[in-house]
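One-letter residues, chain by chain:
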Amino acid sequence: MSYKIPGLSSIILLFIALGIADYQLFTVSLPLGIVYFICIPLSFLITLYNYCRKCPHVASKTCRHVLFGWIISKLFKPIQPSKYTVKEAFVSLIPLVFIVIFPQYWLVQSIGLFIAFWVLMLAAVVIVRIGVCIGCKNVNCLFCPNKDNCNA
Ligand code: SF4
Ligand code: SF4
């Protein structure tokens, strides 16, 4: 199966989960919902800028997650692939950890939404690991399973 279907479906699940979190924040407080709504694209942009620009899939227009590589190629120039520095890894991961952890305090106040959020998140992660990472050429990726045996 093409990586595009799992690549895109995992992103859709991810954004539905984030949408559920934002819905809960909006029901608690309008400003909180707005702040989180702005933080989501900002966080992704910071991560994509620091991480995806160094990925060989951007230049070859074959991003395993489909959408992210396309966005980066429209906004920035790709740079030579190389190992991620500690600073790049840190700056890339913190925004994503933030948008997942930040809404938990309010999300847990609605147990149904809390469960839906985590089921969708975990489903997205499983789909990525099974259908997307296998065959990925970004062997510098912190989560790459192909480091020792790249067959992409
Ligand atoms: S494969 Fe991963 S690191 Fe490479 S461009 Fe796509 S999202 Fe970014
Ligand atoms: S190894 Fe997986 S998480 Fe890393 S860039 Fe490739 S597809 Fe994305």
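Residues numbered from 1 in each chain as written. Chains lettered and ligands numbered in written order. Predicted model: local features only at pLDDT ≥ 70, side-chain atom pairs only at ≥ 80, totals over all residues.

**Let's talk about the packing of helix α1 (residues 4-28) against helix α2 (residues 30-51)**
Thinking step 1. Closest axis-to-axis distance for the α1/α2 pair is 6 Å, and the angle between their directions is 155°. In terms of orientation, α1 and α2 fall into the roughly antiparallel class. α1 and α2 meet at a crossing whose hand is right-handed. Residue-level inspection shows Leu18, Asp22, Leu25, Phe26 and Val28 of α1 in contact with α2, the latter providing Leu30, Leu32, Gly33, Tyr36, Phe37 and Ile40.
Thinking step 2. Each residue belonging to the contact of α1 with α2 can be placed in one class, and the counts come to nine nonpolar, one polar and one charged. (Axes fitted to C-alpha atoms, helices over the stretch in contact; angles between N-to-C directions. Helix = DSSP H or I, 4+ residues; strand = E, 2+ residues; numbered from the N terminus. Parallel < 35°, antiparallel > 145°, perpendicular 65-115°, else oblique. Left-handed = near helix turned anticlockwise from the far one by under 90°. Contact = placed C-beta atoms within 7 Å. Nonpolar A, V, L, I, M, F, W, Y, C, P; charged D, E, K, R; others polar.)

**Focus on the site of ligand 1**
Thinking step 1. The local shell around ligand 1 holds 13 residues, among which Cys52, Cys55, Cys63, Phe68 and Gly69 are the closest.
Thinking step 2. At the level of elements, α3 (56-59) and α4 (67-75) are the ones that each hand at least two residues to the shell around ligand 1.
Thinking step 3. Residue composition of the shell around ligand 1, grouped by class: eight nonpolar, four polar and one charged. (Near = placed C-beta within 6 Å.)

**What about the confidence of the model for the chain?**
Thinking step 1. Looking at the chain, pLDDT values average 91 and 95% of them are 70 or higher.
Thinking step 2. By mean pLDDT, the top-scoring element of the chain is helix α6 (residues 104-107) (97), and the lowest-scoring one is α3 (89). (pLDDT = per-residue confidence, 0-100.)

**Focus: unusual backbone geometry**
Thinking step 1. One non-glycine residue, Lys61, lies in positive phi territory at about 55°.
Thinking step 2. Checked against the element boundaries, Lys61 lands in the loop between α3 and α4.
Thinking step 3. Exposure remark for Lys61: the 9 C-beta atoms within 10 Å place this residue in the exposed category.
Thinking step 4. Here Val66, not a glycine, exhibits a phi torsion of approximately 60°, which is positive.
Thinking step 5. Checked against the element boundaries, Val66 lands in the loop between α3 and α4. (Buried ≥ 20, exposed ≤ 12 C-beta atoms within 10 Å, placed from the backbone.)

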